[in-house]
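Remarks on the overall topology
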Amino acid sequence: MQLQDILYSQGFGTRRVCAGLIQQGWVSVREASSPNAEYVLCTEAAADFEPEGLQLRVQGVDWPFQAKAYVLLHKPVGTECSQKPSTYPSIYTLLPPPLRQRPTKSAVQGVQAVGRLDQDTTGMLLLSDDGQFIHRLSSPKKHVPKVYQVTTKHPVDEVQVSKLLAGVVLDDDPKPVRAANCAIVDSHRLDMTLTEGKYHQVKRMIAAVGNRVEGLHRSRIGGMDLPADLEPGQWRWLDASDLALLNSNA
């Protein structure tokens, strides 16, 4: 695969822009066959490389080749999961330009969020340009468990937990929705597991049992927990072991 096409596939701009970056000496490569070798400058846009395992250094930034992008973001409070936010900054501004510019077959370029979190909700947010991956982890029919840490306005008790586990009726659907699991952490906190993804579901379920959500944080998706060392606003690539944990419940 030509180097200019590799850069294009990773979101570094049009093919012309990518060719220019290479010809101007801004791109170095390290091949998978030489993992301990130094990066080698390449100024030939049409030079052929095996993309799998290729390490790129573009304008001083190291970038591993990813045939598909799988990303974990620790969503901070006060951000919207929208390309065109209305009030708060978009979560996409927290990602580097190549992730936002990766070419896709759809009308929208770059990685897309796997479901959405409200502007005041924090925690695990997955993003990808793999449509099958997005569908598998966001579709209610797949029953992927998602764990939320809920802070409530009023004290929580076993009666509320029992109702959440048994199922509550929301105002837009006569069919009851229930928590797959629910446990009291302390007087004003619950850990709640859902396998669906209805609009404002946690907040509406808590309201249905006579309480109110004051804080909401998603701590787990499938079999994967939010890493303790990933600070709000930070992102990282998902590796093979992460994907295995996510898919173990998908």
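Just so you know, these numbers come straight off a predicted model, no measurement behind them. (Residues numbered from 1 in each chain as written. Predicted model: local features only at pLDDT ≥ 70, side-chain atom pairs only at ≥ 80, totals over all residues. Heavy atoms only, no water.)

1. Things to note about the overall build of the chain
When its secondary structure is counted, the chain shows 7 helices and 15 strands. Dimensions of the chain, computed from the C-alpha atoms along their principal axes, are close to 70 × 35 × 30 Å. Per-residue burial for the chain yields a buried fraction of 44% across its 250 residues. Counting contacts in the chain only where the partners sit at least 6 residues apart, residues at least 24 apart contribute 61% of the total. When the accessible surface of the chain is split by element, carbon and sulfur atoms take 50% of a total near 12900 Å². (Helix = DSSP H or I, 4+ residues; strand = E, 2+ residues; numbered from the N terminus. Buried < 20%, exposed > 50% of the residue type's maximum accessible area, 1.4 Å probe, protein only. Contact = heavy atoms within 4.5 Å. Areas by Shrake-Rupley, 256 points an atom, 1.4 Å probe, with all protein chains shown as cover.)

2. Structural notes on the pairing of strand β8 (residues 146-152)
Within β8, 5 of the 7 residues are buried, leaving the element largely enclosed by the surrounding structure. Sheet analysis places β8 next to strand β12 (residues 189-194), joined by 6 bridges and oriented antiparallel. When the bridges of β12 are listed, T151 appears paired with R189. Note: β8 against strand β13 (residues 213-221), 7 bridges, orientation antiparallel. Pairing of T151 across the sheet is with G215, part of β13. (Pairing = 2+ DSSP bridges.)

3. Re the sheet that holds strand β2 (residues 40-41)
With antiparallel pairing, the 4 strands of this open sheet are ordered in space as β2-β1-β3-β4. Edge strands, defined here as strands with exactly one partner in the open sheet, are β2 and β4 (61-64). Pairing of strand β1 (residues 27-30) with β2, which is carried by 2 bridges, proceeds in the antiparallel orientation. Across the sheet, residue S28 finds its bridge partner in β2, namely L41.

4. Here's the deal with unusual backbone geometry
The backbone of Q59 sits at a positive phi, close to 50°, despite the residue not being glycine. Counting through the fold element by element, Q59 comes out in the loop between β3 (55-58) and β4. The backbone phi angle of H143 is positive, close to 55°, even though this residue is not glycine. Tracing the backbone through its elements, the reader meets H143 in the loop between α4 (131-138) and β8.

5. Some remarks on helix α2 (residues 15-23)
Turning to α2, its buried residues number three or more, namely C18, A19, G20, L21 and I22. On its buried face, α2 is in contact with α1 (3-9), β1 and β3. Of the residues trailing α2, G25 is marked for its positive phi of about 85°.

6. Description of the layout of surface pockets
Where empty space is left becomes clear once a probe the size of a water molecule has been rolled over the atoms. When its volume is computed, the largest pocket comes out at roughly 530 Å³. Together, 24 residues line the largest pocket, and R116, L117, D118, K198 and H200 are the ones closest to its centre. Elements with a minimum of two residues in the lining of the largest pocket: β8, α6 (201-208) and β13. Looking at the lining of the largest pocket residue by residue, the class counts come to 8 nonpolar, 8 polar and 8 charged. Put simply, the second largest pocket is a space of about 270 Å³. When grouped by side-chain class, the residues that make up the lining of the second largest pocket number 4 nonpolar, 7 polar and 4 charged. (1 Å grid on protein atoms, 1.4 Å probe; cavity = no way out; pocket = protein on both sides within 12 Å on 5 of 7 lines; lining within 4 Å. Points joined across faces, edges and corners; volume = space filled by probe spheres on them. Nonpolar A, V, L, I, M, F, W, Y, C, P; charged D, E, K, R; others polar.)

7. Thoughts on the environment of S162
Here S162 shows up in helix α5 (residues 158-166). Taking relative accessible area as the criterion, S162 reaches 44% and is therefore assigned partly exposed.

8. Quick notes on the packing of aromatic side chains
Enumeration according to the criterion identifies 5 aromatic pairs in this entry. Between W63 and W235, the ring centres sit 6.4 Å apart and the planes meet at 50°, which makes this aromatic pair tilted. Linking W63 in strand β4 with W235 in strand β15 (residues 235-237), this pair joins segments that are 172 residues apart in sequence. What makes W235 partly exposed here is its relative accessible area of 23%. Taking 5.4 Å as the distance between ring centres and 80° as the angle between the ring planes, the aromatic pair formed by W235 and W237 counts as edge-to-face. Here R15 stacks its cationic end above the ring of Y8, 4.1 Å away from the centre of that ring. (Phe/Tyr/Trp six-rings, centres within 6.5 Å; stacked < 30°, edge-to-face > 60°. Lys NZ or Arg CZ within 6 Å of the ring centre and 35° of its normal.)

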